[in-house]
Amino acid sequence: MYGVSGTGSVVGDEWGVRAARSRAIGVLRVRGRALGLAVLPAAVAVVLYAGGVTGHFAGSGWDAARWAVTVLAVVVLLAATAVALVVARARPAATPTVELSETAAPDLYRLVRDLADRLDVPAPAAIALTPDCDSWLEDRTHRAHRARRTSADGDSDGAPVLVIGSPFLWWMRVGELRAVLAPVVAGTGPAAHPDIAAARRFVRGLDAAVAVPRTSGLDPLRRLGAHGVGQVARVLLRACRGHAAEMERGVAVAGSERAQAVDYGVRIVAQEQVGLAYAGWDRLLTRVALPAWRMGRWPSQLDAGVVSALTELSRRDRLADGFSSRLGERPACDLLEEPGAVDEVTSLLAARLFHGGPAEPGPDWSPVEWSQYPEEVVDRKWRTDAARLHQVLDGLGAAGAPAGTASAADAPTLTRVIAHLSTAPVPLPEAGGAADTAHADTAHADTAHAEAEASTGTAPAGVGPETEASTGTDPDTDPDLGIDPDPDTDPDLGIDPDPDPDLGIGPDPGIDPDPDPLDIHDDEDDEEPVNPAAEALAGALSALLAREEAAREARVAAAGARTAQTAARSGGKDDRPGAAHPGAVSGPDGPLPLFPLQPPRSGRDLLADHVTAMVCCAAVDTAEAAPGLDWLDGPALLVGGERAADLGPRVLALVEDGDPEPLRVWLARTGVRPEKPVRLV
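Residues numbered from 1 in each chain as written. Predicted model: local features only at pLDDT ≥ 70, side-chain atom pairs only at ≥ 80, totals over all residues. Heavy atoms only, no water.

1. Description of helix 7 (residues 174-185)
Alright, step 1. Given a rise of 1.5 Å per residue, twelve residues ought to cover 16 Å, and the 16 Å separating the end C-alpha atoms of helix 7 matches this to within 8%.
Alright, step 2. Burial runs high along helix 7: nine of the twelve residues are buried.
Alright, step 3. Three or more residues of helix 7 are buried, namely Val174, Glu176, Leu177, Ala179, Val180, Leu181, Ala182, Val184 and Val185. (Helix = DSSP H or I, 4+ residues; strand = E, 2+ residues; numbered from the N terminus. Expected span 1.5 Å × (residues − 1). Buried < 20%, exposed > 50% of the residue type's maximum accessible area, 1.4 Å probe, protein only.)

Shown next as structure tokens:
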């Protein structure tokens, strides 16, 4: 009934606004209490002086009290004034966005204004894009934010800015975008309420004041004062946190209820596209864009890549059937005058936020088109990783392939890598008859195997950590260790090596009846096989990559410092975005990257990636293979035009278990010649 007449929407809207306003008054009440506490000593001083004038508070004691309270009032008022000035002048954090001028997107501005008229709310002051799958209203009425605004709208100076996720413009259709933006634009109505606007300004000012002590360039005295202001701001934030959260919830309820009158049926369908766009965007960033960023290249058409990634998903996944049929409708990116230029600026901002790249293109930070991605990124990445792997092998002095000459052993071949990684593990005693022939000509490998029969992680000397076999120490016979060689019952482990046969209880075959006390804490290391040669190689790779990453960050920091100095000399005015691009980039605030995509990779993952790269280089150079791009999985090896999806487990078998047979079978089936040197970067 409510949905038909619209009465329910109006009632819900009014309820949400009233709830938000009541919570806003609660926030302002916290501000009023803080102000009252600040003027309380001054009020007491006024009362004392008034009592002295009238003769009610006469005497030396009252005079001393008046002086003490006066000094306290002056100190408190000065401190309160300092806090108020910092809160009022501190620059609130703003989301890094690409701001669109009305000349760059007239149709998009027209759509938003028509939507605001239908919702009977004020239109947003401006429109900005963010490289994320979300949309919201952001207040940028602070003078520092107004100075960065590229579009001047005198009628909407007090209205918030509409921030739209750039993937929505490329994946969604025009009707879907209007339906998704309806509840967001409806939030401009409650935002125009004086109490709600004042409460939001107060909360943003407190949040900005908390970050003031971390500002660079403060002298010790000012930094000490900033810490005091920050502590006061934290106390006030904690006091109004609950009211602020409920106020924003009420504003969201009001906007959602008001937007039900606009394209409600389309909005239900569009919400499905929001989730799909988020999945495709996350996959594109982590699997496709991140490898390019690490190579010093940034894809210049990320938003267009979302369409390709989601189209590929609809082709693979039957749950996504029908999504690609929408591509015949008008995409929302047609609302932009120059979609390609906007996509390029947004892609560069995404690289800054998620990877920490430079703000401007340069020799070490250049754009790449999707058509050039396989050759410029995939092939270059594989050969760079392969060169780094052989550089580490040279540093470790690894033994080469069983060739006749030293030059063949040092050549960048896949055989050299396989031989190094497959020499570490030692077979178990029961598997001694089927030991790999690569271990047969190693004399102390057999000796270590015989002496360490109870251990599963023994490595040859010079490759892995020292063991009992390499040190020649037997804990069962060494009198210096003070260990009983044949205890009846181990008091620490509680295991009886000779249980009563009548009880039908025998020793667990999975438990060593004579445990070594020195190996009690090594149980976790024995849970899975460890390849000592792989561990050493992975550690060296991690160290080398850490040095390369530190050097890259130093170059980025130096470039950022030069950019900041140039902006300071030009008076803080940036003429580049308006001239070169249809949108200006605002932000980011704080260290980069603000939103790292992935945690640091482990040494084993790095080694597996480098070995995979070496295999791919060998396949490209010696077999009918080529580098390719998979929109959902990133760099891919194409063998006969088809993606080689079964390579990963075989590489892991070599890296983790030291077993080269699965990889050798794959190489023989594919026609790859591992003994041939590969071309490195």
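2. Here's the deal with the pattern of salt bridges
Alright, step 1. Scanning the entire structure with this criterion turns up 27 salt bridges.
Alright, step 2. As a salt-bridge pair, glutamate 376 and arginine 297 come within 3.1 Å of each other at their nearest N and O atoms. One end of the pair, glutamate 376, is in helix 14 (residues 373-396); the other, arginine 297, is in strand 5 (residues 297-299), with 79 residues separating them in the sequence.
Alright, step 3. In this structure glutamate 376 comes out as partly exposed when scored by relative accessible area, which is 33%.
Alright, step 4. Judged by relative accessible area, which is 9%, arginine 297 ranks as buried.
Alright, step 5. Via salt bridges that share partners, Arg283, Arg287, Asp630, Asp633 and Arg643 belong to a single interconnected network. (Salt bridge = Lys/Arg side-chain N within 4 Å of Asp/Glu carboxyl O.)

3. Notes on the sheet that holds strand 10 (residues 642-643)
Alright, step 1. With respect to topology, three strands assemble into an open sheet ordered 8-9-10, the strand pairing being antiparallel. Both outer strands of the open sheet, strand 8 (625-630) and strand 10, are each paired with one neighbouring strand and no more.
Alright, step 2. Sheet topology places strand 9 (residues 634-639) next to strand 10; two bridges connect them, and they run antiparallel. When the bridges of strand 10 are listed, valine 639 appears paired with glutamate 642.
Alright, step 3. Sheet contacts for helix 11 (residues 264-294): strand 8 and strand 9; angle to strand 9, the most-contacted strand, approximately 95°. (Pairing = 2+ DSSP bridges. Contact = heavy atoms within 4.5 Å. Axes fitted to C-alpha atoms, helices over the stretch in contact; angles between N-to-C directions.)

4. Focus: the nonpolar core
Alright, step 1. Trp293, Leu607 and Leu637 are the most contacted members of the largest nonpolar core, which has 109 residues in total.
Alright, step 2. It is helix 11 that contributes the most residues to this core, twelve residues altogether.
Alright, step 3. Every residue in contact with leucine 607, bar those within four places of it in the chain, is listed here: Leu389, Leu421, Ala534, Leu537, Ala538, Leu541 and Val655. (Core = buried A, V, L, I, M, F, W, Y, C linked by side-chain atoms within 4.5 Å.)

5. Observations concerning unusual backbone geometry
Alright, step 1. Despite not being glycine, aspartate 120 shows a phi value in the positive range, around 60°.
Alright, step 2. Relative to the elements of secondary structure, aspartate 120 occurs in the loop between helix 4 (106-119) and strand 2 (126-130).

6. Some words on the side chain of aspartate 379
Alright, step 1. Structurally, the position occupied by aspartate 379 is in helix 14.
Alright, step 2. With sequence-adjacent residues up to four places away left out, aspartate 379 is seen in contact with Pro374, Val620, Pro627 and Arg679.

7. Concerning the packing of helix 14 against helix 22 (residues 603-622)
Alright, step 1. For the pair helix 14 and helix 22, the least separation of the axes is 8 Å and the interaxial angle reads 115°. Viewed along their axes, helix 14 and helix 22 form a crossing whose handedness is left-handed. Along the contact surface, helix 14 presents Asp379, Trp382, Arg383, Asp385, Ala386, Arg388, Leu389 and His390, while helix 22 presents Leu607, His610, Val611, Ala613, Met614, Cys616, Cys617, Val620 and Asp621.
Alright, step 2. Grouping the constituent residues of the contact of helix 14 with helix 22 by class yields ten nonpolar, two polar and five charged. (Left-handed = near helix turned anticlockwise from the far one by under 90°. Nonpolar A, V, L, I, M, F, W, Y, C, P; charged D, E, K, R; others polar.)

8. A short note on a nonpolar patch on the surface
Alright, step 1. Among the surface-exposed residues, Leu35, Val39 and Leu77 lie close enough to one another that they form a single nonpolar patch of about 250 Å² accessible area.
Alright, step 2. One can find leucine 35 in helix 2 (residues 7-54). (Patch = residues over 30% accessible without salt bridge, like charges linked within 9 Å, V, L, I, M, F, W, Y side chains within 5 Å. Areas by Shrake-Rupley, 256 points an atom, 1.4 Å probe, with all protein chains shown as cover.)

9. What to know about the packing of aromatic side chains
Alright, step 1. According to the stated counting rule, one finds three aromatic pairs in the structure shown.
Alright, step 2. Between phenylalanine 57 and tryptophan 62, the ring centres sit 4.4 Å apart and the planes meet at 25°, which makes this aromatic pair stacked.
Alright, step 3. Taken together, a centroid distance of 4.9 Å and an interplanar angle of 70° make the contact between tryptophan 370 and tryptophan 631 edge-to-face. Of the two residues, tryptophan 370 sits in the loop between strand 6 (366-368) and helix 14 while tryptophan 631 sits in the loop between strand 8 and strand 9, which places them 261 residues apart along the sequence.
Alright, step 4. Linked through ring pairs, Trp370, Tyr373 and Trp631 together constitute an aromatic cluster.
Alright, step 5. Just above the ring of phenylalanine 202 sits the side chain of arginine 31; from NZ or CZ to the centre is 6.0 Å. (Phe/Tyr/Trp six-rings, centres within 6.5 Å; stacked < 30°, edge-to-face > 60°. Lys NZ or Arg CZ within 6 Å of the ring centre and 35° of its normal.)

10. Some points on the confidence of the model for the protein chain
Alright, step 1. Summing up the model confidence of the protein chain, the mean pLDDT is 77 and the portion of residues at 70 or higher is 70%.
Alright, step 2. Note that residues 1-10 has pLDDT below 50 and, in this model, five contacts with residues that lie over four places away or in other chains. (pLDDT = per-residue confidence, 0-100.)

11. Some words on the pairing of strand 8
Moving residue by residue along a regular strand, the side chains alternate between the two faces of the sheet.
Alright, step 1. Pairing between strand 8 and strand 9: six bridges, direction antiparallel. Each bridged residue has a counterpart across the sheet, and for proline 627 the counterpart in strand 9 is leucine 637.
Alright, step 2. Counted along the chain from strand 8 to the antiparallel partner strand 9, the turn is three residues long.

12. Remarks on the environment of aspartate 139
Alright, step 1. Structurally, the position occupied by aspartate 139 is in the loop between strand 3 (135-138) and helix 5 (143-148).
Alright, step 2. A residue is classified by how much of its surface remains accessible, and aspartate 139, at 24% relative accessible area, is partly exposed.
Alright, step 3. Distance in space between the C-alpha atoms of aspartate 139 and alanine 159 is 7.2 Å, their sequence separation being 20 residues.
Alright, step 4. Polar side-chain contacts of aspartate 139 include one of 2.5 Å to the side chain of arginine 204. (Polar contact = N/O pair within 3.5 Å; in protein donor to acceptor, adjacent residues only side chain to side chain.)

13. Regarding the packing of helix 23 (residues 647-657) against helix 24 (residues 661-670)
Alright, step 1. At a minimum axis separation of 8 Å, helix 23 and helix 24 run at an interaxial angle of 140°. Classified by the angle between their axes, helix 23 and helix 24 sit oblique to one another. Residues Leu647, Arg650, Ala653 and Leu654 of helix 23 pack against Pro662, Leu663, Trp666 and Arg669 of helix 24. (Parallel < 35°, antiparallel > 145°, perpendicular 65-115°, else oblique.)

14. Describing helix 9 (residues 194-210)
Helical geometry: 3.6 residues make up each α-helical turn, so side chains three or four residues apart lie on a common side.
Alright, step 1. In this model, helix 9 (17 residues) spans 25 Å end to end at C-alpha, consistent with the 24 Å of a helix rising 1.5 Å per residue.
Alright, step 2. With 13 of 17 residues buried, helix 9 lies mostly within the body of the structure.

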